Amino acid sequence: MRTEARWIDNVIKKEEYEKYMNNGKDFINDDEIWEKIKNNKDPEAQKVRGIIQKSFTLELLSPDDTATLLNVKDPQLWDEIFDAAGQLKRKVYDNRIVTFAPLYCSNFCVNNCLYCGFRSDNKDEKRLKLTLDDVRKETEVLAGKIGHKRLVVVYGEHPVSDVNYMADTIRTIYDVKVKTRKGIGEIRRVNVNAAPMSVEDLRILKDVGVGTYQVFQETYNHKIYSEVHPKGTLKANYQWRLYSMHRALEAGIDDVAIGALFGLYDWRFEVMAMLYHAIELESKFGIGPHTVSFPRLEEAQNSLFDTQKYKVSDEDFKKLVAVLRLSIPYTGMILTAREPAKVRREILPIGITQTDASTRIGIGAYSEIYGAEKMSEREENQDLGKQQFMIGDPRDLDDVVHELAEMGYITSFCTAGYRCGRTGTNIMTLLKSEKEGQFCKLNAILTFREWLDDFASDETKKLGEELIKKEMEEVRSRIPKIYSKKTVTTLEDYHERIKNGERDLYF
Amino acid sequence: MEKEIFTSEFEKIAKVHDVRLWIAEKLGRRWSYVTGGGNEKFLPARLIGQIGNYGVFIEGENLDDKEIFANVHEILSRFFDIKED
């Protein structure tokens, strides 16, 4: 216990966030946000349509613009917003959806957040931490049996899962190679969801080659934040968390991700605050959020939080996703398996760029479930005693890929960008100039080809083949406006080589 | 300041050779962008050389890798004491 207390005392470095504050104030002004929301009530349709058009410039909207959108009441105007959100996504990212899986490595936590199953006072939670051998086994399942190429690794905040443990687990994941039907399965991008860290610790993460570093503020409202994160815990420090991305960028991690846990406070406030966060990062570093996340609060074991008070309805959820898409038009948007399949189907077309599948969030759950040889042995119940919350859509990746293909989306396993320098200011420029989506299209075809050959069921493969054919035709039709003949011949060559067993060819 | 000069110089080289040219820092599997110039060609990026932990990438049909790398090396050596491997 004494060691734990000593560790806690050394985590927060005030000087690392106070220097970014303005006269002791952070960049989230609760009163100003509510004023903006109140001052932009009952907007005229023409004004709303003007803002929708503005979002197509792919620059951040202003807080007044976003507040205006949040105040729309007319269902027809909302339909226009939903439609625009979908168009914007296609403009920036084309029709690809990137998939990933979360890997929970440890559920030890020193915090006591009222809404979380991992909170230290929850004595019914079975505390587990993956050994490096466990991490290897989990990765073998994810990369070798399911076919993921991209993970987000998740850790509780605790000395047993400190930055050195994180670095070791990430190295272990990157080292795993598994023989598949026609090639090799491996994880090519590891993103991290972890507690706020010091610049020094972030540099350790940077050096192991993390993809995106994500920290969610949970709620941006100062008062609610202090109520749900008890005094005396690490997480009680609002600013230490709020300035996590500043420190990450300072440490050289140039793909950063923000998010809020919707359901802790009024959803309109959180949307506004996320925009302010993006504005702050752009103004200080010239780099906005690589992705934004908007998980809805789910029931957790022994939760002490009233989940009904600020519960976000499905209708409002759709609105918040669309307004975020228009407000931060270039950003990646992640919809997770917290949401049931029905909601995912409805939300995906309004701006989503990434989603997870085959998701298990219990510690060690992938090897337990997917390790079974027979499908019939894989049926299992979620164990709330080993996971943070209940997930809503536990479908297999094959089912999700199949459904996406039916909806006209190509599943992408692309991890090319961060392995050839399309990061930071570079990717921001590419996103805002609509060029990134052109890379996405090419890499989606190639990585989808790999996955179909290595992991797809016969039915999904058949559907996927048709989709690839259609995508290749689309690429050809973009000569010479976007692509050169050389691009297309290279794509065709890579596609053939992948069919013959080569792997990891990308643009 | 140096970064702005590099960007401007890289733009010039990129234009002459009709490539997209950039420099990135290697971190494990990650290559983090530093600066670069030229327009995207939508072709696979080629790592044409490394200087310490930094890699020089090009994207384009031009195959004058050695010449382009030599140009980049010369620019960087104006500002840094580059040790040869």
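Quick caveat, the model's predicted, so the values are computed rather than measured.

Summing up its helical and strand segments, chain A has 21 helices and 11 strands in all. Relative to the compact-globule value of 23 Å for 507 residues, chain A shows a C-alpha radius of gyration of 22 Å, a close match. Its C-alpha atoms put chain A at 60 × 60 × 40 Å along the principal axes. Within chain A, the fraction of its 507 residues that count as buried is 54%. Long-range pairs, those at least 24 residues apart, make up 80% of the contacts in chain A between residues at least 6 apart in sequence.

A word on the interface of chain A and chain B. In this complex, chain A contributes 27 residues to the contact, which on the side of chain B involves 17 residues. Elements with a minimum of two residues in the side of chain A that touches chain B: helix 9 (199-207), helix 18 (424-432), helix 19 (436-455) and helix 21 (485-499) of chain A. Looking at the side of chain A that touches chain B, its residues break down into 9 nonpolar, 11 polar and 7 charged.

Quick look at the pairing of strand 9 (residues 332-335) of chain A now. All names here are of chain A. Across the two faces of strand 9 the burial is the same, with Gly332 and Ile334 and Met333 and Leu335 all buried. Looking at chain direction, strand 8 (residues 291-293) and strand 9 are connected through 3 bridges and run parallel. Across the sheet, Val292 pairs through a bridge with Met333, a residue of strand 9. Crossover handedness for the path strand 8 to helix 14 (residues 314-327) to strand 9: right-handed. On the question of chirality, the crossover connecting strand 9 to the parallel strand 10 (residues 354-356) by way of helix 15 (residues 341-347) is right-handed.

Residue and element names in this part refer to chain B. Taken together, 4 strands build an open sheet; the order of strands is 2-1-4-3 and the sheet is antiparallel. Looking at which strands have only one partner, the edges of the open sheet turn out to be strand 2 (30-37) and strand 3 (46-51). Each adjacent strand pair in this sheet contributes to an overall mean axis angle of 30 degrees, direction not counted. With 6 bridges connecting them, strand 1 (residues 20-27) and strand 4 (residues 54-59) associate as antiparallel partners. Note that in strand 4 the partner of Trp22 across the bridge is Phe57. On the sheet, helix 2 (residues 65-79) packs against strand 1, strand 3 and strand 4 and is oriented at approximately 35 degrees with respect to strand 3.

A few words now on the nonpolar core. Residues and elements named next belong to chain A. In this structure, Leu151, Val153, Leu324 and Leu326 are the most contacted members of the largest nonpolar core, which totals 172 residues. Residue contributions to this core peak at 10 residues, all from helix 19. A domain split of this core shows at least three residues from each of domain 1 (2-26 + 85-419) and domain 2 (424-499). Among residues more than four places away in sequence, those in contact with Leu324 are Val271, Met274, Val292, Phe294 and Met333.

As annotated in UniProt, the feature "domain: Radical SAM core" (unreviewed entry) corresponds to residues 93-331 of chain A in the numbering used here. Secondary structure across residues 93-331 of chain A comprises 38% helix and 15% strand; the distance between its end C-alpha atoms is 10 Å.

It is worth spelling out the packing of helix 6 (residues 75-93) of chain A against helix 14 of chain A at this point. Residue and element names in this part refer to chain A. Axis separation between helix 6 and helix 14 bottoms out at 9 Å; the angle between their running directions is 50 degrees. The pairing of helix 6 with helix 14 is recorded here as oblique in orientation. Note that helix 6 runs across helix 14; the crossing there is left-handed. Listed contacts from helix 14 to Trp78, Ile81, Phe82, Ala84, Ala85, Leu88 and Lys89 of helix 6 are Lys318, Lys319, Ala322, Arg325 and Leu326.

Our next topic: helix 13 (residues 267-285) of chain A. All names here are of chain A. The terminal C-alpha atoms of helix 13, which comprises 19 residues, lie 27 Å apart, in line with the 27 Å expected from a rise of 1.5 Å per residue. The set of residues buried in helix 13 consists of Trp267, Arg268, Phe269, Glu270, Val271, Met272, Ala273, Met274, Leu275, His277, Ala278 and Leu281. Lining the buried residues of helix 13 we find helix 3 (30-39), helix 5 (63-70), helix 12 (244-251), strand 7 (256-259), strand 8 and helix 14.

All names here are of chain B. Both strand 3 and strand 4 contribute to a ladder of 5 bridges, which runs antiparallel. Bridge pairing links Leu47 to Phe57 in strand 4. In textbook terms, the turn of a hairpin is the stretch between consecutive antiparallel strands, and for strand 3 and strand 4 this stretch comprises 2 residues, one of which, Gly52, has a positive phi near 60 degrees.

Let us now look at the environment of A:Lys319. Residues and elements named next belong to chain A. One can find Lys319 in helix 14. Taking the C-beta count within 10 Å as the criterion, Lys319 has 23 such neighbours and is therefore assigned buried. Each C-alpha atom, one on Lys319 and one on Arg268, is 9.5 Å from the other, the two residues being 51 residues apart in sequence.

Turning next to the environment of A:Lys89. Residue and element names in this part refer to chain A. Examined against the element boundaries, Lys89 turns out to sit in helix 6. For the pair Lys89 and Ile350, spaced 261 residues apart in sequence, the C-alpha separation works out to 7.5 Å. Those residues in contact with Lys89, other than ones at most four positions away along the chain, are Arg325, Gly351 and Thr353.

What follows deals with the environment of A:Gly24. Relative to the assigned elements, A:Gly24 resides in the loop between helix 2 (15-18) and helix 3. A C-alpha to C-alpha distance of 14 Å links A:Gly24 and A:Asn237, two positions 213 residues apart in sequence.

Let us look at the domain arrangement of chain A. Residues and elements named next belong to chain A. Per the domain assignment, the segments of chain A are domain 1 (2-26 + 85-419) and domain 2 (424-499). Here the C-alpha centre of domain 2 lies 27 Å away from the C-alpha centre of domain 1. Contact residues are listed per partner, giving 30 residues for domain 1 and 28 residues for domain 2. Elements that contribute at least two residues to the side of domain 1 that touches domain 2 include exactly helix 6, helix 17 (397-406) and strand 11 (410-412). Per-element accounting of the side of domain 1 that touches domain 2 gives the leading share, 5 residues, to helix 17. Counted by class, the side of domain 1 that touches domain 2 contains 11 nonpolar, 10 polar and 9 charged residues.

What counts and what doesn't
Residue positions within a chain follow its written sequence, with the count starting from 1. Throughout, the order in which chains and ligands are written sets their labels, letters from A for the former and numbers from 1 for the latter. For this predicted model, a pLDDT threshold of at least 70 governs which residues receive local features, and a threshold of 80 or more governs which side-chain atom pairs are given and counted, while totals over whole chains, interfaces and linings are taken from all residues. Strands here mean DSSP runs of E at least two residues long; helices mean DSSP runs of H or I at least four residues long; both are numbered from the N terminus. The size measure is the radius of gyration over C-alpha atoms, and the globule rule it meets is 2.2 Å times the number of residues to the 0.38 power. With C-beta atoms placed from the backbone, a residue is buried if 20 or more other C-beta atoms are within 10 Å of its own, exposed if 12 or fewer are, and partly exposed between those counts. Residues are defined as contacting one another if the C-beta atoms placed from their backbone atoms lie within 7 Å. The classification used treats Ala, Val, Leu, Ile, Met, Phe, Trp, Tyr, Cys and Pro as nonpolar, Asp, Glu, Lys and Arg as charged, and all other residues, Gly among them, as polar. Note: two strands are recorded as paired if DSSP finds a minimum of 2 bridges between them. Note on handedness: a clockwise path from strand one over the helix to strand two, with the strands aimed away from the viewer, defines a right-handed crossover. The axes are straight lines fitted to the C-alpha atoms, using for helices just the contacting stretch, and the angles between their N-to-C directions are given from 0 to 180°. To count as a nonpolar core, a set of buried Ala, Val, Leu, Ile, Met, Phe, Trp, Tyr and Cys residues must be joined through C-beta atoms within 7 Å. Throughout, the edges of the domains are those of an automatic or database domain assignment. UniProt positions are given in the numbering used here, feature names are shortened, and annotations may be inferred rather than shown by experiment. An angle below 35 degrees is treated as roughly parallel, one above 145 as roughly antiparallel, one from 65 to 115 as roughly perpendicular, and anything else as oblique. Left-handed describes a crossing whose near helix is turned anticlockwise from the far helix through less than a right angle; right-handed describes the clockwise counterpart. Helices are assigned an expected span. That span is 1.5 Å times one less than the residue count.

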